[in-house]
Amino acid sequence: MLFEQYIKKYIDRNSSLGIRNASVLLLNTKTMQAEVAVGSADFFNNDILGQIDGVRAKRMAGSVLKTFIYGLALENGLICPTTLLKDTFHYFSIYAPENSDRQFAGPVFAQDALVNSRNIPAIKLLQDIGIETFLNLLKTAGITKLKSAEHYGVSAAIGTIDVSVEEVAKLYSSLLNGGKTKEIKYVTDDKKESDTESDKTIFSKETAFILFDMLSHNPAPQNFNIKDKYGNNIKVAWKTGTSYCFKDAWAVGAFGDYVLVVWVGNFSGESNSNFWGRTAAGNLFFELIRTVVLNKKDQKFFSPDMKDLNIKKIQVCSVSGAIANKFCPKKTECYFIPEKSPINLCDIHRNILIDNKTGLRTNVEVKGKTHYEVYEFWPSDILSLFEKAGIKKQ
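All values derive from a computational prediction rather than experimental measurement.

Student: What am I meant to see in the sheet that holds strand β10 (residues 248-255) here?
Tutor: What holds strands together in a sheet is hydrogen bonding between their backbones, with the strands either parallel or antiparallel. Pairing within the open sheet is antiparallel, and its five strands lie in the order β2-β1-β11-β10-β9. In the strand order of this sheet, the two ends are held by β2 (33-38) and β9 (237-242), each with one partner. For this sheet the average axis-to-axis angle between neighbouring strands, irrespective of direction, equals 10°. As paired elements, β10 and strand β11 (residues 258-265) share eight bridges and run antiparallel to each other. What sits directly across from alanine 254, in β11, is valine 259.

Here it is, written out as structure tokens:
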């Protein structure tokens, strides 16, 4: 009832934007109990086709499935969170996809590419992984009615796959359940033990943890700083999605023991330029999270436990994302899976001997007439991307 009231108030406030309907699922990932399932904003409203169950209805996924492309890339040792990926104009056969902002960021860290839903990096990772491999992960996780790899092509990376709110919740529960998906329960039965035979492993617990951490860097909308009763900021690992022609707005995420999925759209399939995942669904998503936290005062909303995980934190160059060398001026930390994550020592920053008088490079060191200075050495293709993005490098 509480969620229904919040959804109604949210729709009333945003009716001028054409927001009239929403579907929501709140899943306790420890018990796999669906604690709240709202199929539509108003069951009795025929104008919004309110008797359709939006929790089980299939809708276009937008970018909410990109998370699991990155999961496969982590699992297969193709990337770590700070791996540099290229976000630039590119033709895939006769298809030249753009980003939602019609801009290209140039070189971008994998974590930022995921959080900001950059299309080209996701497509290129999908090609490296294989579309069939990605579809097999979705099948294993219980996504139904999938078509062939040939049918989707590279568009599978940017949202042409149909999923339900229920299926998305089940997928994202793997971030809190060590890379495993489990069947969702709708009827409470305290005597029934968990059916472990239905558990499906889609990737390792290390990958699940790193994915959660990557998504937790996605900033919340303004004015949604949520704290628990102890004054701790709630860590939310969340992802948005906006489908083709603005027909569906999604927000999904994990926090504490919970996964919350919010869909905003029209069951008629009518598009609306206000159906952006970050705003139309994201604002309602965080309002509902705040409601959960306020009403679950006996629970703690901490990050997943790192105990028993084969993960290390390493120092990486904050510019190249590779393992820092002694000349890297700025460093940051990155999670790393030993024997799986790519190991590359930064060779971008190099200490160069400079002639004091000419300011040019020299190979003869003369006391008082030469000095050392660190310069960046980039491959020509990456340097070209920086230049296109208006970023100057020394």
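Student: Explain the nonpolar core here, please?
Tutor: For soluble globular proteins, nonpolar side chains are generally found buried alongside one another. Of all hydrophobic cores here, the largest spans 70 residues; its most connected members are Tyr70, Phe134, Leu138, Ile161, Leu171 and Tyr172. The biggest single contributor to this core is helix α8 (residues 205-215), with seven residues. Those residues in contact with leucine 171, other than ones at most four positions away along the chain, are Leu65, Phe68, Leu137, Leu138, Ala141, Ile143, Thr181 and Ile202. Counting 32 residues, the second-largest nonpolar core is a separate cluster that includes Trp238, Phe255, Phe275 and Leu288.

Student: I would appreciate a short explanation of the packing of aromatic side chains in the present structure.
Tutor: To describe a pair of aromatic rings, one takes the distance between the centres and the angle between the planes. Throughout the structure, instances matching the rule amount to twelve aromatic pairs. Each residue in the set Phe68, Tyr172 and Phe203 is aromatic and connected to the rest through ring pairs, giving one cluster. The lysine or arginine in question, arginine 56, covers the ring of tyrosine 186, its NZ or CZ lying 4.7 Å from the ring centre.

About the criteria used
- Residues numbered from 1 in each chain as written.
- Predicted model: local features only at pLDDT ≥ 70, side-chain atom pairs only at ≥ 80, totals over all residues.
- Heavy atoms only, no water.
- Pairing = 2+ DSSP bridges.
- Helix = DSSP H or I, 4+ residues; strand = E, 2+ residues; numbered from the N terminus.
- Axes fitted to C-alpha atoms, helices over the stretch in contact; angles between N-to-C directions.
- Core = buried A, V, L, I, M, F, W, Y, C linked by side-chain atoms within 4.5 Å.
- Buried < 20%, exposed > 50% of the residue type's maximum accessible area, 1.4 Å probe, protein only.
- Contact = heavy atoms within 4.5 Å.
- Phe/Tyr/Trp six-rings, centres within 6.5 Å; stacked < 30°, edge-to-face > 60°.
- Lys NZ or Arg CZ within 6 Å of the ring centre and 35° of its normal.

Read these as spatial facts, not as claims about activity.
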